[in-house]
Amino acid sequence: MIVAPSILSADFCNLGDDIRMVNESAAGMFHIDVMDGVFVPNISFGFPVIKAISRLAEKPLDVHLMIVDPQRYISQVRDCGAEIMNVHQEACVHLHRTVEAIRAAGMKPAVTLNPATPVETLRDIIADLHMVLLMSVDPGFGGQKFIESTIGKIGRLRNLIAETGSAALIEVDGGITIENAPKVAAAGADIVVAGNTVFSAANPKETIQLLSEAGV
Ligand code: DX5
Ligand code: ZN
């Protein structure tokens, strides 16, 4: 499995050290959570911080926008060096237009679903997506508990991808631990996001390695 450490749980006083640790680890990409205090009840960080991260990062940036009207910021996200731009289905009235605009800006489009949003809502757009991100917690905070019903949802998304001939990858975000990562992998996830589990570990690099081997 590809591991995407979530910078939200990094040490912001020593961000450079944490980015270098991820560079040297088995992680496949950086997961970067932007929160606006409107779409979710929390505020994280914005473009100047992402730009600084991109200067040191040697792996792709997966930028997860937990904000209203994410289409307003497509060029700014691109200019921050994002490879993947992740927008919430619940935040986009014209999701198709937003996905096409992300691609036209040179990024890979990904769509995120909150825990209560069914995968079926993506049937008519999934062929156009690079990735689908399933939230396994209600977005807004790191360190929350994994919602068990996500396991069945991963399977339903796998089926939808097969039925539609889509090449979309499945990413799962929230409450991922060494203990639950194997069943997330077995259910069909390609990528796991991990914040608290990585950055509160005594040995973050080894933890990333263990997560990457989950389900192998
Ligand atoms: C939650 C964010 C997650 C978060 C995951 O709203 O989207 O990416 O950082 O953190 P953990 O792994 O601690 O649940
Ligand atoms: Zn996230």
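Just so it is clear, the structure is predicted and the values come from calculations on it, not from any experiment.

A. How the structure looks around the coordination of the zinc ion (ligand 2). Surrounding the zinc ion (ligand 2) are the protein donor atoms His 31 (NE2), Asp 33 (OD), His 64 (ND1) and Asp 173 (OD), which sit 2.0 to 2.3 Å from the metal. In terms of primary sequence, the donors binding the zinc ion (ligand 2) are separated according to H-x1-D-x30-H-x108-D. As far as the burial class goes, His 31 and Asp 33 line up, both buried.

B. Examining the state of the cysteines more closely. The final tally for this structure, using the stated rule, is zero disulfides. With no disulfide of its own, Cys 80 lies closest to Cys 92 among cysteine sulfurs, the gap being 18 Å.

C. Spatial organisation of unusual backbone geometry. Residue Asp 69 is not a glycine yet carries a positive backbone phi of 50°. By the element assignment, Asp 69 lies in the loop between strand S3 (61–66) and helix H3 (74–79).

D. Focus on the side chain of Asp 62. Summarising the element assignment, Asp 62 is placed in strand S3. As a buried residue without a salt bridge, Asp 62 has its nearest oppositely charged side chain in Lys 108, at a separation of 11 Å. A distance of 2.8 Å separates the side chain of Asp 62 from the side chain of His 31, its partner in a polar contact. Apart from residues no more than four positions distant in its own chain, Asp 62 is found in contact with Met 29, Phe 30, His 31, Ile 32, Ile 84, Asn 86, Met 131 and Glu 171.

E. Broad picture of helix H8 (residues 204–213). The complete set of buried residues in H8 reads Pro 204, Thr 207, Ile 208, Leu 211 and Ser 212. When H8 is viewed along its axis, its buried side chains cluster within an angular range of 135° and face the same direction. In this structure, the buried residues of H8 make contact with strand S1 (2–5), helix H1 (15–24), helix H6 (181–187), strand S8 (191–194) and helix H7 (196–199). Gly 215, located one to two residues past H8, shows a positive phi value of around 85°.

F. Quick peek at the environment of Asn 180. Position of Asn 180 relative to the elements: it lies in the loop between strand S7 (169–173) and H6. Measuring from C-alpha to C-alpha, the distance between Asn 180 and Ile 151 comes to 10.0 Å, with 29 residues separating the pair along the chain. Of the polar contacts made by the side chain of Asn 180, one reaches the backbone oxygen of Gly 175; its length is 2.9 Å.

G. The arrangement of the packing of aromatic side chains in detail. Going through the model one piece at a time under the given rule, you end up with two aromatic pairs. Measuring from centroid to centroid gives 5.8 Å for Phe 12 and Phe 45, while their planes differ by 75°, and the two rings are edge-to-face. In this pair, Phe 12 is assigned in the loop between S1 and H1 and Phe 45 in the loop between strand S2 (30–35) and helix H2 (47–56), connecting sequence segments 33 residues apart. Residue classification places Phe 12 among the partly exposed positions, given a relative accessible area of 44%. For the ring pair Phe 47 and Tyr 73, a centre distance of 5.9 Å and an interplane angle of 40° mean the geometry is tilted. Here Tyr 73 lies in the loop between S3 and H3 and Phe 47 lies in helix H2, a separation of 26 residues in the sequence. When its relative accessible area of 23% is taken as the criterion, Tyr 73 is described as partly exposed.

H. Structural detail: the nonpolar core. If you look at the biggest cluster of nonpolar residues, it comprises 67 residues, and the most contacted ones within it are Ile 7, Ile 32, Ile 50 and Val 63. Dropping the residues within four chain positions of it, Ile 7 is found in contact with Phe 12, Leu 15, Phe 30, His 31, Ile 32, Phe 45, Ile 53 and Phe 199. Within the second largest apolar cluster, seven residues are counted, among which are Ala 4, Met 131, Ile 191 and Val 193.

I. Fine view of the layout of surface pockets. Taken as a whole, the largest pocket spans an internal volume of roughly 290 Å³. Around the largest pocket, the lining is made up of 25 residues, and of these Phe 141, Gly 142, Gly 143, Gly 174 and Gly 175 lie nearest the centre. Elements supplying a minimum of two residues to the lining of the largest pocket: S2, S3, S8 and H7. Classifying every residue of the lining of the largest pocket gives 10 nonpolar, 13 polar and two charged.

Calculation criteria
Residues numbered from 1 in each chain as written. Chains lettered and ligands numbered in written order. Predicted model: local features only at pLDDT ≥ 70, side-chain atom pairs only at ≥ 80, totals over all residues. Heavy atoms only, no water. Donors = N, O, S within 2.8 Å, 3.2 Å for Na, K, Ca; no water. Buried < 20%, exposed > 50% of the residue type's maximum accessible area, 1.4 Å probe, protein only. Disulfide = S-S within 2.5 Å. Helix = DSSP H or I, 4+ residues; strand = E, 2+ residues; numbered from the N terminus. Lys, Arg positive; Asp, Glu negative; His and termini not counted. Salt bridge = Lys/Arg side-chain N within 4 Å of Asp/Glu carboxyl O. Polar contact = N/O pair within 3.5 Å; in protein donor to acceptor, adjacent residues only side chain to side chain. Contact = heavy atoms within 4.5 Å. Arc of directions from axis to C-beta. Phe/Tyr/Trp six-rings, centres within 6.5 Å; stacked < 30°, edge-to-face > 60°. Core = buried A, V, L, I, M, F, W, Y, C linked by side-chain atoms within 4.5 Å. 1 Å grid on protein atoms, 1.4 Å probe; cavity = no way out; pocket = protein on both sides within 12 Å on 5 of 7 lines; lining within 4 Å. Points joined across faces, edges and corners; volume = space filled by probe spheres on them. Nonpolar A, V, L, I, M, F, W, Y, C, P; charged D, E, K, R; others polar.

By themselves these figures say nothing about function.
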